Structures are given as C-alpha cells and as structure tokens.
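# Structural description and commentary
This is what each chain is made of:
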Number of protein chains: 2
Amino acid sequence: MNGRSAQRLAKLQEALASGGTLHLRDAAELCNVSEMTIRRDLTTQKSAISLLGGRLVMANYPGVTPIYDLNEQQASHYQAKHRLCRRALGYIQEGDTLFIDCGSTLMPLLSQLSHFHELTVVTYALNVANAVAALPNVRLVLLGGLFYPASQSFGSDNIAAAIERLGINKALISAAGVDLERGVSCFHFHEVAPKQAAIATAMQRLLVVDASKFGVVRPAYFAALDDFDVVVTDEEGAHSSQYLGCGNAPLLS
Amino acid sequence: MNGRSAQRLAKLQEALASGGTLHLRDAAELCNVSEMTIRRDLTTQKSAISLLGGRLVMANYPGVTPIYDLNEQQASHYQAKHRLCRRALGYIQEGDTLFIDCGSTLMPLLSQLSHFHELTVVTYALNVANAVAALPNVRLVLLGGLFYPASQSFGSDNIAAAIERLGINKALISAAGVDLERGVSCFHFHEVAPKQAAIATAMQRLLVVDASKFGVVRPAYFAALDDFDVVVTDEEGAHSSQYLGCGNAPLLS
DNA sequence: CACTAAATGTTATAATTTTAACATTAACGC
DNA sequence: GCGTTAATGTTAAAATTATAACATTTAGTG
C-alpha cells in the first residue's frame, strides 16, 4: 500500500509491456527486493499483472486472464459454442475469403481453420485478429480504425468501402438478438456499418447464433432475417423453430 | 505420437482459441483422460499449447511465451531499452496524438503512457495495438490491411492516405539501421510507406534507436537522418557521435 | 486366443510454489 | 532518542505441480 510498492509494480509492468512472462525470482532481482515483497505487492495492490504458477504475466493480455472454469454450466456452454462452430465449419471451403464478425461466438471456429491449406480472414475485431495471426496458413486482413473497447473492434467512416473492395466469399455474422419481426440486432452501433457492408458484399451470408438469442431484440438493428442465406444455430427445438421455422432463411445445419 | 493424442490437443487448442487459460485438471476432464496423459501429449507432440504452472495457455499468444530470462546480457539489454524509452517519454505531452512505429523498440514506452490523462496512439503494428488496447486512458487508432507476420504489422495500398488524414502530433519512428550517408533503413519494404507517411504528416518527428543500430544499413531505406527533428538514443559515446554528432539532426536527450 | 507393443492410468517421490508466522529493518512523529 | 507503525526479510510448513517408475488397459497381429 506504499508508493514504493506501486513503483515496483510500474517497473514490472514496463518489463512485461512488450508481452512475455517474468519469473518471480527475476522480478524480485529486478526490483532488489525479496520474492515475498513482490507477492505482497501483487496481492495488496491490484494491478494488471497476475501471477501464474510462479511467473508474472500481464493479466489483460488476450489468452491469459480469463481462466476457464469447468463447472456444469460453463461446460455445457462450452459444448454449445463448439457445436455451433463445428456446424459453421461445414460451410467453409479451401481457398475461401471469410468475413469473421466480432464477439466471442465465432472464436472457437478460428483454431479449426488451421486444418485448411489456404484461407483469408477479414475482420474488424482485435480478438479475432490475434487468434488468426497465430495461424500460419491463414492470411489476415484487419480493417482498422478507432478502437472500441466494449466490442474489442475497430470502426471508421470508410470501413464499409474497405469491405466492399474485398472479394469476400462468405460472411460469418454473429448477433446479440434475433427476432422474426424485428430482425437481427447487436449491442453497439459502430458494428452496424461493417456488418451491413459484409452482408452486402459477400457471396454467401451466414448468421451464426446460439438459440439463446432467439426472440431477443438489442439496440442496434442491422439486418432482416431473410438477408441471410443460412442460419447456423445449435438447436432446432420448439423454441428456435418458433422463430426460424417459418422464416424465409433456409435453416440448414 | 498417436492420432488420438493429436485429437486431444486439437480439442484443447479449440478450447483455448478464444484466449484464456485452462487448468490441467479441467483439460483432463474435458478429454476424459488423466492429467498425466495431457502432460504426455504436451511433451511428446510439440504444439502451440504450453503448460504454465499447471495451466494450459496458447504459447503463441502475445504475453505468454517469450519468457524473460534474466542473465547479464538480457538484463543490460533490458536496461538499455528502458533508458531509451524513458528519454522518448520526455517528449510526450498530455493530449498528444502519437504515431508509434512497429518493432520491439517502442514497446517499453507504451505502459508508461498510462500516466497521462488523454492520449491518442496511431499504429499499424499488432503488438503495439494489443499493448495500447489495455490502457483505458489512451485512444487507439489501428491502421489495418494485410497482416505481415514478420513485423507483426499491417500494410495496404492506401495506408499512407489514411495516415495523412490524421492529425499526428509526434511520430515516434524506429529503425534497424542508421547511417550518416546511407540514411535510415529497416528490414521490411512494407514498412516504408507508413513510416514515410508518418514522417511527412507529423508535426514533430522522433527517431528512436539504440546505439547498436549506428553504422548499419538494412535493405529498406525510408528516410534521411535530417528528416528527423530529434534523435533519441541511449548513449552519446564516441561511436554514436561519429554518426550523429556532425549530422543535421539536433541530438537532444 | 495369446502375444506384443503402444497408450494410458496409478502411485510414489521430488521439486516448486504458496501461505503463514514471526523477525528485522526502515520511516515517522513527538 | 524513543516508541510506534509500516514495510520488508526470513524461515518453516502446507499445497500444488512435475517427474519417474511401474501397473494396467487397449489395439492390433498371427
């Protein structure tokens, strides 16, 4: 709770800023204090640094903090998301140029893209870009602009034009709400332009949503249900068919 | 070395694709095998997953793999980079719009930006963007395009135009080679356009290089030494002054 | 079916990390 | 200076993780 403690943490944060991990032992040496002091700094003041098995890492870096907790609920949610993405994967073919929407829905799909030999992914989301950047066989095109932390994505006034210049094969769009009458919607207004541009440009439009989104309306409307060629969803029970079974979009998968 | 082993790793990689960590215990449960089997999978087949204190993490995610090793050489290198960035920090003021170049040189600077109340960072590098995205007080503008893994940065045919549209205050440029006669150069040709555009637009141009780059020439030339208003470097011994002392650029810091 | 070999499980042990308790040092007010 | 309190160091014990050895299961073969 001291100024010196904060100073140490700042020093360590600098060391970790470029990414990478720092062993507790080295951190202590770097600050000329004992390991215990570093431990105490970390527990007393809460900072962006977290301790993972004796190593310091930046907690807010993607792929570090959010510890996957395997309780009943999470596990089933995990299963649902993956079932969803496995179905979506069925529509992807070698050589495709894919538009991948922001949000967490399509994340599980990305690692499965490593099975292809040549793909191109177009996205405006930082988390998607990070996952795709790790894949050696996938070309990545990131649409830049001003960063919106809420959706981990970028927006600019000419993002629609940039999307329309690209030859996008298949657009995989996610949504926060799907309703037969009120259409397809999301939370953030800055997502509307890129989504609409991708829908307008792509040869095939896939809406990828889990069943929990049916009958839900969110602030930012961006498309009608029949703007999509395919709706990929995880269940086809009474609930989902109520909203999709009589729609114009062919319910494949 | 089995197919089933690879299958398990693929499954785990999917689970980790969205980022986050997975406890060994949960990973074992997820695959319906013992923890030992997961351990063996990880050691036998080498995959993108690494084990960090009982937790599985994506090794190629930024901020995870490159373990900071504190031997003499590394430590001094660390000190040099930070001295350099602390000097560069002196030129930054509240409210600035900064262009931050790609490479690892300017990374230590980024965490220090959290001391300001309002800043805007413009970059075309993914690692820079990730570090800045974590700072709540800094607006981030990422210039997108096709991703170049070699430099972790993006390039496009209209990146120069995009840079020139922005009101950049100060351009912090890094380089791989600095020579009085042959000018300032870098490794990758796709970096030339954004660097030159930033130099052309910015009100103040700062070249940030450590002394080891003096007298070195790299394939991609992008500027003359006197295109810069300030050269920020870590030493002013005989070697550096030989190259800079008699140049046109005022050697501040 | 028996045999073999690979894959996986189990257990014990070693190494490491975490926690807690107490000792020491440094800082500050009076 | 003295006494008090916060900060840091030291040490031992507990918990966790890693390694190694051996047991068991599984898959494939003649």
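These numbers come from a predicted model, not from an experiment.

Relative to the elements of secondary structure, Gly-145 of chain B occurs in strand E8 (residues 145-148). Residue classification places Gly-145 of chain B among the buried residues on the basis of a relative accessible area of 10%. The sequence separation of Gly-145 of chain B and Tyr-124 of chain B amounts to 21 residues, and the corresponding C-alpha distance is 8.7 Å. If near-sequence neighbours (up to four positions away) are discounted, Gly-145 of chain B is found in contact with Leu-140, Val-141 and Leu-142 of chain A together with Phe-154, Gly-155 and Ser-156 of chain B.

A few words on the protein's contact with DNA strand C. Near DNA strand C you find 16 residues, and of these Arg-39 of chain A together with Arg-8, Ser-34, Thr-37 and Arg-40 of chain B are the closest. Those atoms of DNA strand C that come within 4 Å of the protein belong to sugar or phosphate at a rate of 61%. In the environment of DNA strand C, a phosphate oxygen lies 3.5 Å from a nitrogen or oxygen atom belonging to the side chain of His-23 of chain A. Among the elements of the structure, helix H3 (35-44) of chain A together with helix H3 (35-44) of chain B are those that each provide at least two residues to the surface near DNA strand C. The element best represented in the surface near DNA strand C is H3 of chain B, accounting for three residues. The residue inventory of the surface near DNA strand C, partitioned by class, reads five nonpolar, seven polar and four charged.

Here we take up the packing of aromatic side chains. Residues and elements named next belong to chain A. Enumeration according to the criterion identifies four aromatic pairs over all chains in this entry. Their ring planes at 50° and their centres at 5.2 Å tell us that Phe-147 and Phe-154 sit as a pair that is tilted. Pair check on accessibility: Phe-147 and Phe-154 agree, each one buried. The ring centre of Phe-222 lies 4.8 Å from the NZ or CZ of Lys-195, which sits over that ring.

A few words now on the environment of Arg-205 of chain A. Residue and element names in this part refer to chain A. One can find Arg-205 in strand E13 (residues 204-208). For the pair Arg-205 and Asp-229, spaced 24 residues apart in the sequence, the C-alpha separation amounts to 5.3 Å. Sequence-distant contacts of Arg-205, defined by excluding residues within four places in its chain, comprise Ala-171, Ile-199, Ala-200, Asp-227, Phe-228, Asp-229 and Val-230. In this structure the side chain of Arg-205 is engaged in a polar contact, spanning 2.5 Å, whose partner is the backbone oxygen of Ile-199.

This next bit is on the packing of helix H1 (residues 3-17) of chain B against helix H2 (residues 24-31) of chain B. All names here are of chain B. It is the contact of H1 with H2, at a shortest axis distance of 10 Å, that shows an interaxial angle of 120°. In this view, H1 runs oblique relative to H2, as classed from their interaxial angle. Read as a crossing pair, H1 and H2 show a hand that is right-handed. In this structure, H1 contributes Arg-8, Lys-11, Leu-12 and Ala-15 to the contact, and H2 contributes Ala-27, Leu-30 and Cys-31. Split by residue class, the contact of H1 with H2 holds five nonpolar, no polar and two charged.

So, how was this worked out
Residues numbered from 1 in each chain as written. Chains lettered and ligands numbered in written order. Predicted model: local features only at pLDDT ≥ 70, side-chain atom pairs only at ≥ 80, totals over all residues. Heavy atoms only, no water. Helix = DSSP H or I, 4+ residues; strand = E, 2+ residues; numbered from the N terminus. Buried < 20%, exposed > 50% of the residue type's maximum accessible area, 1.4 Å probe, protein only. Contact = heavy atoms within 4.5 Å. Near = heavy atom within 4 Å. Polar contact = N/O pair within 3.5 Å; in protein donor to acceptor, adjacent residues only side chain to side chain. Nonpolar A, V, L, I, M, F, W, Y, C, P; charged D, E, K, R; others polar. Phe/Tyr/Trp six-rings, centres within 6.5 Å; stacked < 30°, edge-to-face > 60°. Lys NZ or Arg CZ within 6 Å of the ring centre and 35° of its normal. Axes fitted to C-alpha atoms, helices over the stretch in contact; angles between N-to-C directions. Parallel < 35°, antiparallel > 145°, perpendicular 65-115°, else oblique. Left-handed = near helix turned anticlockwise from the far one by under 90°.

Coordinates in, geometry out; function isn't part of it.
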